[in-house]
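Here's the letter readout for the chains.
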Amino acid sequence: MSAEVVLLFLLVIKHSFADLFLQTYNKNIDKTKYLGNGQTHYLQHSFLTLLITLNFTSIWLAIAVAVLDHIAHWHIDFWKSLCVRMFHVDRASGKFFRIQTLDQMLHFLTYFIIVAIVF
């Protein structure tokens, strides 16, 4: 198996861990505030990305793609949260899950780009 596939797999597993497991510990986070406490969640993503990419590239490139992941995750989640709030989207509705699908696709695109940068 190629190193590119392994890195992409690890980034997807990292995403699941940070978005589904770690986020359960982030109480009262409001991602609709551009510079709010959502940064805790984005830092979790970027730190884990740094730890993973250090196994595949130099420290400087690992830091750069971790910062890229932080900025991308921040803006993707901010956009999603604003849409859900602005349009009063019920989190149990099909509309929410369509927005959530786009959110996840953008996150996975970010990981694809990170792999392309590293290799």
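The rules we used
- Residues numbered from 1 in each chain as written.
- Predicted model: local features only at pLDDT ≥ 70, side-chain atom pairs only at ≥ 80, totals over all residues.
- Heavy atoms only, no water.
- Helix = DSSP H or I, 4+ residues; strand = E, 2+ residues; numbered from the N terminus.
- Rg over C-alpha atoms; globule rule 2.2 N^0.38 Å.
- Buried < 20%, exposed > 50% of the residue type's maximum accessible area, 1.4 Å probe, protein only.
- Areas by Shrake-Rupley, 256 points an atom, 1.4 Å probe, with all protein chains shown as cover.
- Lys, Arg positive; Asp, Glu negative; His and termini not counted.
- Charge placed at Lys NZ, Arg CZ, Asp CG, Glu CD.
- Salt bridge = Lys/Arg side-chain N within 4 Å of Asp/Glu carboxyl O.
- Patch = residues over 30% accessible without salt bridge, like charges linked within 9 Å, V, L, I, M, F, W, Y side chains within 5 Å.
- Expected span 1.5 Å × (residues − 1).
- Contact = heavy atoms within 4.5 Å.
- Axes fitted to C-alpha atoms, helices over the stretch in contact; angles between N-to-C directions.
- Parallel < 35°, antiparallel > 145°, perpendicular 65-115°, else oblique.
- Left-handed = near helix turned anticlockwise from the far one by under 90°.
- Nonpolar A, V, L, I, M, F, W, Y, C, P; charged D, E, K, R; others polar.

Colleague: Run through the overall build of the protein, naming residues and quoting values.
Modeller: When you go through the protein residue by residue, the secondary structure sums to four helices and zero strands. Going from the N terminus to the C terminus, the protein shows its helices and strands as α-α-α-α. The globule rule puts the C-alpha radius of gyration for 119 residues at 14 Å, and the 15 Å found for the protein is close to it. Over its C-alpha atoms, taken along the principal directions, the protein stretches across nearly 45 × 25 × 20 Å. Relative to its 119 residues, the protein shows a buried fraction of 42%. Entry remark: accessible area of the protein is about 7,000 Å², with carbon and sulfur atoms responsible for 73%. Across the protein, the mean location of the 9 positive side-chain charges is 8 Å away from that of the 7 negative side-chain charges.

Colleague: Describe the pattern of salt bridges, with residues and values.
Modeller: Taken as a whole and assessed by the stated rule, the structure comprises five salt bridges. Among the ionic pairs, Asp30 bridges to Lys33, the shortest N-O distance being 3.0 Å. By relative accessible area, Lys33 is classed as exposed at 51%. Note that Arg85 is salt-bridged to Asp30, the shortest N-O span being 3.7 Å. Of the two residues, Arg85 sits in helix H3 (residues 59–86) while Asp30 sits in the loop between helix H1 (3–21) and helix H2 (39–53), which places them 55 residues apart along the sequence. Looking at Asp30, the relative accessible area reads 18%, which means it is buried.

Colleague: Which residues make up a nonpolar patch on the surface, and what are the values?
Modeller: Taken together, the side chains of Leu68, Trp79, Leu102, Met105, Leu106, Leu109, Phe112, Ile113 and Ile117 present a nonpolar region at the surface, about 780 Å² in accessible area. Elements with a minimum of two residues in the nonpolar patch: H3 and helix H4 (94–118). Take the nonpolar patch: its biggest share by element is seven residues, from H4.

Colleague: Which residues make up H3, and what are the values?
Modeller: With 28 residues, H3 should reach 40 Å at 1.5 Å per residue; the first-to-last C-alpha distance of 40 Å fits that figure. Trailing H3 by a residue or two, His88 shows a phi angle of about 50°, which is positive.

Colleague: Run through the side chain of Ser81, naming residues and quoting values.
Modeller: Tracing the sequence through the fold places Ser81 in helix H3. Residue classification places Ser81 among the buried residues on the basis of a relative accessible area of 11%. The residues contacting Ser81, other than those within four sequence positions of it, are Lys31 and Thr32.

Colleague: Outline the packing of H2 against H3, listing residues and values.
Modeller: As a packed pair, H2 and H3 sit with axes 8 Å apart at the nearest point and diverge in direction by 150°. With respect to each other, H2 and H3 are oriented roughly antiparallel. The way H2 lies across H3 gives a crossing that is right-handed. Each of Gln39, His41, Tyr42, Leu43, His45, Ser46, Thr49, Leu50 and Thr53 in H2 lies in contact with H3, whose residues at this interface are Ala62, Ile63, Val65, Ala66, Asp69, His70, His73, Trp74, Asp77 and Phe78. Grouping the amino acids of the contact of H2 with H3 by side-chain chemistry returns nine nonpolar, eight polar and two charged.

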